[in-house]
Amino acid sequence: MAKKALIERELKREKLVAKFAKKHAELKATANDVSKSVEERDAARLALQKLPRNANPTRQRNRCELTGRPRGTFRQFGLGRAKVREIAFEGGIPGVTKASW
C-alpha cells in the first residue's frame with residue numbers, strides 16, 4: 001500500500017489538470033501556431049510557464065486504484081499487476097483466464 005500522502009498528492013494533481021485543461025490547451029495551440037506573430041507565441045509560452053506546475057498533464061502518474069502502487073499498472077484495468085493477478089484468479093475480470101497449454 002502506498003503512502004496516503006502520495007495518493008492524495010496524485011488526486012490533487014488530477015483536480016488541477018482538470019481545472020486548467022482548457023486554458024492549457026488554448027495556450028499550447030497558440031504557442032505552436034505558426035500563423036501567429038512571434039510576440040503572440042512568446043506571450044503564450046510565458047503564460048504556459050505561469051500556470052501551476054502540477055497543472056501539466058505529464059506530471060500525473062498512473063497508480064493502482066486499490067493499492068496506490070505507482071509501477072506495474074495496467075491501463076486497461078487501472079490496477080497494479082499483483083491486484084490484476086489476484087482478481088483474475090478469483091474470476092473477477094471477465095474474459096481473463098490463467099494461461100495453460
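None of the values given here were measured: they were computed from a predicted structure. Residue numbers here run from 1 along each chain, matching the order of that chain's written sequence. Local features in this predicted model are restricted to residues whose pLDDT is 70 or higher, and side-chain atom pairs enter the listing and the counts only when it is 80 or higher, whereas totals over whole chains, interfaces and linings include all residues. With hydrogens and water excluded, all non-hydrogen atoms of the structure serve as input to the side-chain values.

The topology assignment puts L48 in helix α2 (residues 38-50). Expressed as a C-alpha distance, the spacing of L48 and R71, which sit 23 residues apart in the sequence, is 29 Å. If sequence neighbours within four positions are ignored, L48 has contacts with H24, L27 and K28. Comment: elements are numbered from the N terminus, with helices defined as DSSP H or I runs of at least four residues and strands as E runs of at least two. Here a residue-residue contact requires only that any non-hydrogen atoms of the pair lie within 4.5 Å.

To continue, consider the nonpolar core. Ranked by size, the top nonpolar core spans 8 residues in total: L16, F20, L27, A31, A44, L48, L51 and A55. The set of elements that each furnish at least two residues to this core consists of α1 (4-32) and α2. Top element by residues in this core is α1. It accounts for 4 residues. Dropping the residues within four chain positions of it, A44 is found in contact with L27, T30 and A31. For this analysis, a nonpolar core means a set of buried residues of the types Ala, Val, Leu, Ile, Met, Phe, Trp, Tyr and Cys, connected via side-chain atoms within 4.5 Å. Exposure classes here rest on a 1.4 Å probe applied to the protein chains alone. A residue is buried below 20% of its type maximum, exposed above 50%, and partly exposed in between.

A few words now on the packing of aromatic side chains. Each Phe, Tyr or Trp ring, with Trp reduced to its six-membered ring, pairs with another whose centre is within 6.5 Å; inter-plane angles below 30 degrees give stacked pairs, above 60 give edge-to-face pairs, and intermediate values give tilted ones. Following the criterion strictly, the structure yields 1 aromatic pair and no others. Measuring from centroid to centroid gives 6.2 Å for F74 and F77, while their planes differ by 45°, and the two rings are tilted. Residue F74 is classed as partly exposed on the basis of its relative accessible area of 40%. F77 gets classed as partly exposed once you look at its relative accessible area, which sits at 29%.

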